[in-house]
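Residue-level listing of the chains:
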Amino acid sequence: MILSGTQIQRSVETSDAFGLDISPSPMDVQYQPASVDMTLGREVYVPELDMYSELAAREELSLEPTSFVLCHTQETVDIPPTLLGLFNGKSTLARRGIVVHLVAGVCDPGFTGDIVLEIVNLSGSTQTIHQGDEVGQCLFMELSEPSEQPYGHDMNNNHYQNQTGVTPAHDV
């Protein structure tokens, strides 16, 4: 079952049976019919230059054509072993040529942390987004039974549990 926006909001605000936590708590306008909008956090990492920077509140992030940066959501998620999260970029950004995540859209049961965004400008012109802009949305699905080895479990080789800000790729 996919949770409705109302169920997501109720879970976040009341710690109901779903046990989902998102902090800071999203504003009412961030809850959509079957998802919650996530916003751009402050930290930016440019892998090509091995350079970190931090955006001030509402500061503009300029993306040159074909540029690639890692950013993160302002929101931290704490997903219980009974839910799976799926993160997708906002269509408004995609229509401008900005891909917010390349392939890492699954937020496994048990994951806790910021969602790291792999942002690419595929357009032929410079594009901008601002810290705090809605850049993606996360929907949550209830599992038929709780995961026996959720993300972060000792038996798993998980590298990104409890990540805050941008976490570059772990060496494989």
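Preceding this paragraph is the structure being described.
It should be emphasised that the depicted structure is a prediction, and the values quoted were computed from it without experimental measurement.

Participant: Outline the pattern of salt bridges, listing residues and values.
Facilitator: Tallied over the entire structure, the rule returns two salt bridges. The partner of Arg58 in a salt bridge is Asp133, and the shortest N-O contact between them spans 3.0 Å. Separated by 75 residues along the polypeptide, Arg58 in the loop between strand E5 (51–54) and strand E6 (60–63) and Asp133 in the loop between strand E12 (127–130) and strand E13 (134–142) bring together distant segments of the chain.

Participant: Mind laying out the packing of aromatic side chains, listing which residues take part and the relevant values?
Facilitator: Both the distance between ring centres and the angle between the ring planes are used here to describe each pair of aromatic rings. Taken as a whole, this structure holds two aromatic pairs when the rule is applied. With a centroid separation of 4.5 Å and an interplanar angle of 35°, the aromatic rings of Tyr45 and Tyr52 are classed as tilted. Assessed through its relative accessible area of 43%, Tyr52 is described here as partly exposed. The interplanar angle of 75° and the centroid separation of 5.5 Å between the aromatic rings of Phe111 and Tyr151 together place this pair among those described as edge-to-face. Within this pair, whereas Phe111 is found in the loop between strand E10 (106–107) and strand E11 (112–121), its partner Tyr151 is found in the segment after E13, the two being separated by 40 residues in sequence. A relative accessible area of 15% means that Tyr151 is categorised as buried.

Participant: Which residues make up the nonpolar core, and what values go with them?
Facilitator: One recurring pattern in soluble globular proteins is that nonpolar side chains are buried together. Ranked by internal contacts, the top residues of the largest apolar core, which has 34 residues, are Leu40, Leu61, Leu117, Ile119, Ile129 and Phe140. Of all the elements in the fold, those that place two or more residues in this core are helix H1 (5–14), strand E3 (35–39), strand E4 (43–46), E6, strand E7 (68–78), strand E8 (83–89), E11 and E13.

Participant: Describe the environment of Ser4, and please don't skip the residues or the numbers.
Facilitator: Residue position: Ser4 is located in the segment before H1. Taking relative accessible area as the criterion, Ser4 reaches 25% and is therefore assigned partly exposed. Sequence spacing of Ser4 and Pro33 is 29 residues, and the spatial spacing of their C-alpha atoms is 5.8 Å. Not counting the four nearest positions on each side in its chain, Ser4 is found in contact with Pro33 and Ala34.

Participant: Describe in detail the sheet that holds E10, supporting the description with residues and values.
Facilitator: The antiparallel open sheet is built from five strands, whose spatial order is E2-E3-E13-E8-E10. The outermost strands of the open sheet, each flanked by one partner alone, are strand E2 (31–32) and E10. By the bridge criterion, two bridges tie E2 to E3 in an arrangement that is antiparallel. Residue pairing in the sheet places Tyr31 in a bridge with Val36 of E3.

Participant: An account of H1 is needed here, citing residue identities and associated values.
Facilitator: Listing the buried residues of H1 in full gives Gly5, Gln7, Ile8, Gln9, Ser11 and Val12. Each element contacted by the buried residues of H1 is listed here: strand E1 (21–23), E2, E3 and E13. Just downstream of H1, Ser15 is the residue with a positive phi angle, here 50°.

Analysis parameters
Counting starts from 1 at the beginning of each chain's written sequence and moves along it residue by residue. Where local features are concerned, this predicted model is filtered to residues with pLDDT of at least 70; where side-chain atom pairs are given and counted, the filter is 80 or more; whole-chain, interface and lining totals use all residues. Think of the side-chain values as coming from all heavy atoms in the structure, minus any hydrogens and water. What counts as a salt bridge is simple: a side-chain nitrogen of Lys or Arg found within 4 Å of a carboxyl oxygen of Asp or Glu. The way it works is that DSSP assigns letters per residue, a run of H or I at least four long becomes a helix, a run of E at least two long becomes a strand, and they are numbered from the N terminus. Ring pairs shown here join Phe, Tyr and Trp side chains whose ring centres sit within 6.5 Å, with only the six-membered ring taken for Trp; geometry is labelled stacked below 30 degrees between planes, edge-to-face above 60, and tilted in between. Relative accessible area decides the class of each residue, using a 1.4 Å probe on protein chains only: under 20% of the type maximum gives buried, over 50% gives exposed, and in between gives partly exposed. Residues belong to one nonpolar core when they are buried, are Ala, Val, Leu, Ile, Met, Phe, Trp, Tyr or Cys, and are joined through side-chain atoms within 4.5 Å. Contacts were defined at the residue level, with two residues in contact if any of their heavy atoms lie within 4.5 Å. Only strands that DSSP links by at least two bridges are regarded as paired with each other.

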